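The primary structure of each chain is shown beneath.
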Amino acid sequence: MQPMGNENAGPTKFPGRPVSPFVAAPQTTMPFFSSGHVVEKTGPPNFPGRPASPFLSAPQNAMPLLSSVPVGPSIPSSQPSPDVGNYQRFPTPVYPSNVQSITPAHGPPYAGQAVLPPPGLPSPGQQPLPPPFNFRPQPPQPQIPLVSMGPPPQSFNSMPRGSMPTFPLESSNLHPSMLGYPNSQASPVTHVPPGQASPFLSHQGGFVQPPIRAPLGLNSREQLTLTSMGPPISVQNLVEEFSSLSVGSVPGSIDPGIDSKALPRPLDGDVESKSSTVMYPLNCHPKFLSLTSHAIPNSQSLLSRWHLPLGAVVHPLAEASDEEEVPIVNFGPTGIIRCRRCQTYVNPYVTFTDGGRKWRCNLCALLNDVPSDYFSLLDASGRRCDADQRPELMKGSVEFVASTENMVRPPMPPLYFFLIDVSLSAVRSGMLEIVAKTIKSCLDELLGFPRTQIGFLTFDSTLHFYNMKSSFTQPQMMVVADLDDIFIPLPDDLLVNLSESRTVVDAFLDSLPSMFVDNVNIESAFGPALKAAFMVMSKLGGKLLIFQSTLPSLGIGRLKLRGDDLRIYGTDKEHALRIAEDPFYKQMAADLTQYQIGVNLYAFSDRYSDIASLGTLAKYTGGQVYYFPSFLGGIHKEKLSYELARDLTRETAWEAVMRVRCGKGVRFTTYHGHLMLRSTDLLALPAVDCDKAFAMQLSLEETLLTTQTVYFQVALLYTSSSGERRIRVHTAAAPVVADLGEMYRQANTGALVCLLSRLAIEKTLSHKLEDARHAIQLRIVKGLREYRNLYAVQHRLGGRMIFPESLKFLPLYGLSLLKSIPLRGGYADAQLDERCAAGFNVMILPIKRLLKLIYPTLIRIDEYLVMAPTVADDFGNFSKRLPLSSESLNSRGLYMYDDGYRFIIWFGGMLSSDITTSLLGVDLSAIPDLSKVSLCERDNHISRKLFGILKRFRESDPSCYQMCHLVRQGEQPREGLLLLSNLIEDQIGGTVGYVDWIQQIHRQVQQSA
């Protein structure tokens, strides 16, 4: 595979997507319980380049004018304004509806998008609206006493259906009381009158009619007149494609103006972009290749207005179901068909001409000759007659068997080399025994039998090599104590064929724990051991599995304690804690990659072990970091055994390289993930597997005014475990557009969040955490501001946050990222090793797993558990996801939290004792510390059902083993550390909650809108 220049001229014209009209939904004029002059409060001054901190909630009086859609002309009130008094009732005037459904001539709206109602128009006999006013901030007014409001008149609920429909009354500060926790989003005002909230109507697509509030005791007629922010405009100008959310309250009111229940949440799953497969059915599945927007801008000026990242997420070895299995194609002696200029592989988007004798490359438009062995006649439409029998012409994903020209050397056998710490902490924690038993149990399932190679090296303050020749009955141990001049004893016998030396390997693994059971050595010569392992593996390459339990303290690569100085945090030196302290590790990673050696690091320690430095080995070799803080064999045995077994047995692409080719005018410029760039566009991946994904950013090299379609092709060249050289190819097409609105409509939230998270974590390696958080917030604000500016009616929607339907979850995911372990807070919010390990983990996650990690699943399970076992098992009706807020927790319930890496079972303080006894064997009150309790299956239907749930969730994501943590309501500090700190919609530890975050984003969007 040689990098070539790419050229492209799209063969067909992609028709532009017409603007979707909206049908205005019938509306009813809303009742107003209080009235008065509405004064627009000016927000904080706009300082360019200085966004507000995402963790500071702005004062309530800084909110913009909070109005919904324009209100019609002034209508005289039928009731005089009563005197203000405690607990007086405010009659609700009845206004007939003056909004009609208008259907534009150019078609119905798209499904799932909001309908913006037109403004009220004056009826005969009424005066038109006055011209718009510019309101200035008023001087401070005398404090108006808070007045409790009684229920609306009885006539409100008994009116004819056509004049005033009744809606359920809701308010964001009138939630049902949660048995155990106060409302975390509560208003700072201590006295809240039991006033009725204004009714609102929720529309599909996120358009919510807001509650309109004013200071109590003022005249409603003036509010009706002054709420309009401009003269009526034509209905056509209001027919726009967007969703909106009411985010405001009238200044001076208690109600924050947002119904928290109406905020967008991915409780039914994320919005998956299916337009690519509908528009281009021959594209590969989006799980292999997802663009952040499936619409490519045609010019740099248009791209500059798209403030969100433009790029892709590639997951080349994503696990496929049996129906989606990637077909394998072997061209035999003909050789793989590919373009002679840009090296693009034949795919469904190439076209055949000249009676089938030539084919045109879809990336560079070059005409190539069709080999005689591949020739086929064309039908009347120009399609090959044998196309249905050619997977490479029908499937967006295919795997070619490579020819000898794609081999630099003969395919290597799968090689596993184990570098194991045997110091005191490794032995006492139980790590050594569990690792030895797990490796032995997986020997029969190691990939590549009978070619598999295996080797071992253990270390403490010295290095221990093992000769496992097949002629031996027991392994021969050789100790090297010289750490300054490393040499390899018996270099030809330290790697053996597993099938030939199986008896010796079994004997070694059986005796390994007892060999060091009395070891009291606390030193770690990790650096010299790493160099020795590299010298042993350099001839073949393979996978190096490191088990490290102690901070390296001897020889080259020794590390020191750091990160304890609180004064470093918040300064320009803070980022140095998150990068390798010693350049030895990055240099070793480069050498390992050059010799096709991938590193997976297993870190076990109850103290600081400098994951930032050690993880560099996995980062640049396509590997992974497994972090087990405070490891104890009795507690973590199942997790370590499962994840090590999966690492050893999952399908792996050995000595791989990957390149992503693009059509003419575009190219990928930056790559983000665990990889090493061998050239500008060639990624070196010594050992990549199905759990690794990569993100990359796209740039325009030239204007695409004459191009209708851009094509992308991912090619992964690797050696399979069976010793076959293969090329996995994923091909996708995307339209070129001149409309920024179309880019927003085709946006992919999951891919955007995946790329944003990688960019933020990389920023923490050179900047402060605060800078990385601000960068995320700034991108979201700029993106939503640009979208708001697309619409001519934005000046009428001061109290509305406008967003595309495709990105309705983006603000929530952005908040989730800011509160994630790699980015949250500062020194006190996460241990340095934990933060670095989480950052390495996020850098490799595919989209689905990342979204689950930052916005986990919370479900209530006690109702399902107590259901009689004779009833049909309908878990789907009981597994409805709940918002991640303490308001979702009930003291009488049992809840499960799942972020893909652990289960947290939360026992409410008033949970039935029958449930706790069935699950734990004793009543909850008899257990002082749940952290020491292991959940085990018991002989009753409640326990069996719970373990059935756990099994179901684990099978849905086999990439990781979720340990079960039990926590009781009120059990501090465990409850706060395990669960409450991860309820990202709440205000915790000085961070904003979801409601405040939406208000903050909205304010910043409006500052320059």
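Predicted, not measured: the structure shown is a model, and the values here were computed from it.

So, the side chain of Arg 758
- Note on placement: Arg 758 falls in helix α14 (residues 749-763).
- For the buried Arg 758, which has no salt bridge, the nearest side chain bearing the opposite charge is Glu 762, at an N-O separation of 7.2 Å.
- Not counting residues up to four positions away in its chain, the partners in contact with Arg 758 are His 672, Gly 673, Ala 693, Phe 694, Ala 695, Val 842, Met 843, Ile 844 and Leu 845.

Some remarks on the pattern of salt bridges
- Using the criterion set out here, one finds 39 salt bridges in the structure.
- Across the pair Glu 319 and Arg 646 runs a salt bridge whose closest N-O atoms are separated by 3.6 Å. Here Arg 646 lies in helix α12 (residues 633-649) and Glu 319 lies in the loop between β4 (311-314) and β5 (328-329), a separation of 327 residues in the sequence.
- The exposure class assigned to Glu 319 is partly exposed, which follows from its relative accessible area of 46%.

Notes on empty space enclosed by the protein
- What the rule picks out here adds up to 10 cavities of 30 Å³ or more.
- As a volume, the second largest cavity reaches approximately 120 Å³.
- Lining of the second largest cavity is provided by 12 residues; of these, Ser 276, Leu 289, Ser 290, Leu 291 and His 294 occupy positions nearest its centre.
- Across the lining of the second largest cavity, the residue classes tally to 5 nonpolar, 7 polar and no charged.

Let's talk about the packing of helix α7 (residues 431-442) against helix α8 (residues 502-515)
- Packing of α7 against α8 brings their axes to within 8 Å, and their N-to-C directions diverge by 160°. Considered as vectors, α7 and α8 are oriented roughly antiparallel to each other. As α7 runs across α8, the sense of the crossing is left-handed. Every residue of α8 that contacts α7 at Leu 432, Glu 433, Ala 436, Ile 439 and Lys 440 is listed here: Arg 502, Asp 506, Leu 509, Asp 510, Leu 512 and Pro 513.
- For the contact of α7 with α8, the per-class residue count stands at 6 nonpolar, no polar and 5 charged.

With respect to the state of the cysteines
- For the structure on display, the rule yields 0 disulfides.
- Cys 364 takes part in no disulfide bond, and the closest cysteine sulfur, belonging to Cys 339, lies 3.5 Å away.
- The exposure class assigned to Cys 364 is buried, which follows from its relative accessible area of 3%.

Details of the pairing of strand β22 (residues 694-700)
- A large share of β22 lies buried, amounting to 7 of its 7 residues.
- Side chains Phe 694, Met 696, Leu 698 and Leu 700 project from β22 onto one buried face, and the interleaved Ala 695, Gln 697 and Ser 699 project onto a second face that is buried too.
- Looking at chain direction, β4 and β22 are connected through 4 bridges and run antiparallel. Note that in β22 the partner of Ala 312 across the bridge is Met 696.
- Both strand β19 (residues 666-672) and β22 contribute to a ladder of 6 bridges, which runs antiparallel. Opposite Tyr 671, over in β22, you have Met 696 as the bridge partner.

Considerations on unusual backbone geometry
- The omega angle of the peptide bond from Phe 449 to Pro 450 is 5°, so this bond is cis rather than trans.
- Look at the link from Gln 972 to Pro 973: it is a cis peptide, with omega at 5°.
- Within the fold, Pro 973 resides in the loop between β29 (963-968) and α22 (974-978).
- A positive phi angle, close to 70°, is found at Ala 365, a residue other than glycine.

Brief notes about the nonpolar core
- Within the largest apolar cluster, 109 residues are counted, with the highest numbers of intra-cluster contacts made by Ile 296, Trp 306, Val 666, Phe 668, Phe 712 and Leu 716.
- Broken down by element, the residue count for this core peaks at 8 residues, all from α14.
- Ignoring sequence-local partners within four residues, the contact set of Phe 712 consists of Leu 289, Leu 291, Ile 296, Arg 661, Cys 662, Val 666, Phe 668, Leu 698, His 730, Thr 731, Ala 732 and Ala 734.
- Leu 419, Phe 459, Val 599 and Ala 603 belong to the second largest nonpolar core, which has 51 residues in total.

Quick notes on the rules
Residues numbered from 1 in each chain as written. Predicted model: local features only at pLDDT ≥ 70, side-chain atom pairs only at ≥ 80, totals over all residues. Heavy atoms only, no water. Helix = DSSP H or I, 4+ residues; strand = E, 2+ residues; numbered from the N terminus. Buried < 20%, exposed > 50% of the residue type's maximum accessible area, 1.4 Å probe, protein only. Lys, Arg positive; Asp, Glu negative; His and termini not counted. Salt bridge = Lys/Arg side-chain N within 4 Å of Asp/Glu carboxyl O. Contact = heavy atoms within 4.5 Å. 1 Å grid on protein atoms, 1.4 Å probe; cavity = no way out; pocket = protein on both sides within 12 Å on 5 of 7 lines; lining within 4 Å. Points joined across faces, edges and corners; volume = space filled by probe spheres on them. Nonpolar A, V, L, I, M, F, W, Y, C, P; charged D, E, K, R; others polar. Axes fitted to C-alpha atoms, helices over the stretch in contact; angles between N-to-C directions. Parallel < 35°, antiparallel > 145°, perpendicular 65-115°, else oblique. Left-handed = near helix turned anticlockwise from the far one by under 90°. Disulfide = S-S within 2.5 Å. Pairing = 2+ DSSP bridges. Core = buried A, V, L, I, M, F, W, Y, C linked by side-chain atoms within 4.5 Å.

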